[in-house]
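Below are the chains, spelled out letter by letter.
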Amino acid sequence: MSLHEHISNRKSALSFSEQVLADGVFIKLFEAARWAPSAFNEQPWRFIAARRDEPSFNIMLDCLAPGNQAWAAKAAFLVATLAKKTSSHNGAPNRHASHDLGLAIGNLTFQALEFGIHLHQMGGFDAQKTISLFSVPEDFEAVTIIAGGYPGDIESLDEPIRSRALKPRTRKELNELVFSGTFGESHPLFTHPSPTK
Ligand SMILES: Cc1cc2nc3c(=O)[nH]c(=O)nc-3n(C[C@H](O)[C@H](O)[C@H](O)COP(=O)(O)O)c2cc1C
């Protein structure tokens, strides 16, 4: 039993090649996102997609924090992810909207890896500016901007981005995450150190 390679090997990308995505491949990423589950089948996710040859790419790039712009400028595409804040069935705040958007992004991430495309999600961006520049309606929250593309050459990255790209990924141990009975009390199955992958 081993984890799927896309889960074991995925890493937030910092290097992108100049290879362009075929239209059909780009469409399939959002098709994968579309089939995610959501509370009341609300499908609260919306996306503003900007491929690097489109004028909106540089507008979106400009919404990113400078530290993110440094590497995301080379991405093949940027996607702003939006969540509808209220439920359509009763107009009440939808407290699962970000959760459901995250599931859609999980699907998109996995499908992208299947195509050899890697992504990097970012919270470091100006949400208000994004909403304003892309005329996002009041009922939507800008949650992340995602950079994606085919992998580039890590060795040719400038420092400190190169060192960051070479760093191994780290995670909390399962016994810090999975409890039994009382919050904080590790479940007996998870008291041993986690396997690395
Ligand atoms: C919602 C979210 C926001 C993030 N924001 C940023 C960001 O602004 N800049 C950045 O470099 N990485 C960002 N990351 C990437 C995380 O730092 C990264 O996922 C984490 O360190 C684990 O590394 P890994 O994705 O390579 O496993 C973000 C990830 C998520 C899911």
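Residues numbered from 1 in each chain as written. Predicted model: local features only at pLDDT ≥ 70, side-chain atom pairs only at ≥ 80, totals over all residues. Heavy atoms only, no water.

## A word on the overall build of the chain
Okay, so step 1: Looking only at helices and strands, the chain features 7 helices and 6 strands.
Okay, so step 2: Its helices and strands taken in sequence order, the chain reads α-α-β-α-α-β-α-β-α-β-α-β-β from the N to the C terminus.
Okay, so step 3: Considering only residue pairs separated by 6 or more positions, the chain has 72% of its internal contacts joining residues 24 or more positions apart.
Okay, so step 4: Put simply, the chain shows about 11,800 Å² of open surface, and 56% of that area lies on carbon and sulfur atoms.
Okay, so step 5: Charge-centre separation for the chain: the mean point of 19 positive side chains lies 2 Å from the mean point of 21 negative side chains. (Helix = DSSP H or I, 4+ residues; strand = E, 2+ residues; numbered from the N terminus. Contact = heavy atoms within 4.5 Å. Areas by Shrake-Rupley, 256 points an atom, 1.4 Å probe, with all protein chains shown as cover. Lys, Arg positive; Asp, Glu negative; His and termini not counted. Charge placed at Lys NZ, Arg CZ, Asp CG, Glu CD.)

## Some thoughts on the environment of Phe-125
Okay, so step 1: Following the sequence through the fold, Phe-125 ends up in the loop between β3 (118–122) and α6 (127–133).
Okay, so step 2: With 44 residues separating them along the chain, Phe-125 and Arg-169 place their C-alpha atoms 23 Å apart.

## As for a nonpolar patch on the surface
Okay, so step 1: The grouping of Leu-3, Ile-7 and Phe-110 at the surface amounts to a nonpolar patch, some 270 Å² of accessible area in total.
Okay, so step 2: For Ile-7, the location among the structural elements is in helix α1 (residues 5–9).
Okay, so step 3: For Ile-7, a relative accessible area of 46% translates into the label partly exposed. (Patch = residues over 30% accessible without salt bridge, like charges linked within 9 Å, V, L, I, M, F, W, Y side chains within 5 Å. Salt bridge = Lys/Arg side-chain N within 4 Å of Asp/Glu carboxyl O. Buried < 20%, exposed > 50% of the residue type's maximum accessible area, 1.4 Å probe, protein only.)

## Points about the domain arrangement of the chain
Okay, so step 1: Once the domains are mapped, the chain shows domain 1 (5–166) and domain 2 (170–197).
Okay, so step 2: Between the C-alpha centres of domain 1 and domain 2 the distance comes to 30 Å. (Domains from an automatic or database assignment.)

## Remarks on the packing of aromatic side chains
Okay, so step 1: Going through the model one piece at a time under the given rule, you end up with 4 aromatic pairs.
Okay, so step 2: Site record: aromatic cluster; members linked through ring pairs are Phe-26, Phe-30, Phe-47 and Phe-77.
Okay, so step 3: Across from the ring centre of Phe-57, 5.3 Å away, lies the NZ or CZ of Arg-52, which sits over that ring. (Phe/Tyr/Trp six-rings, centres within 6.5 Å; stacked < 30°, edge-to-face > 60°. Lys NZ or Arg CZ within 6 Å of the ring centre and 35° of its normal.)

## A short note on the nonpolar core
Generally speaking, soluble globular proteins have nonpolar side chains that are buried together.
Okay, so step 1: Leu-78 and Ile-145 are the most contacted members of the largest nonpolar core, which has 28 residues in total.
Okay, so step 2: For this core, the secondary structure elements donating two or more residues are β1 (45–51), α3 (55–61), α4 (66–72), β2 (77–84), β4 (140–149) and α7 (161–166).
Okay, so step 3: Examining the composition of this core, we find that 4 residues originate from one element, β4, more than from any other.
Okay, so step 4: Sequence-distant contacts of Ile-145, defined by excluding residues within four places in its chain, comprise Met-60, Cys-63, Leu-64, Leu-78, Val-79, Ala-80, His-120, Gln-121, Met-122, Phe-125 and Thr-130.
Okay, so step 5: Ranked by size, the runner-up nonpolar core spans 22 residues in total, among them Leu-29, Trp-45, Ile-105 and Tyr-150. (Core = buried A, V, L, I, M, F, W, Y, C linked by side-chain atoms within 4.5 Å.)

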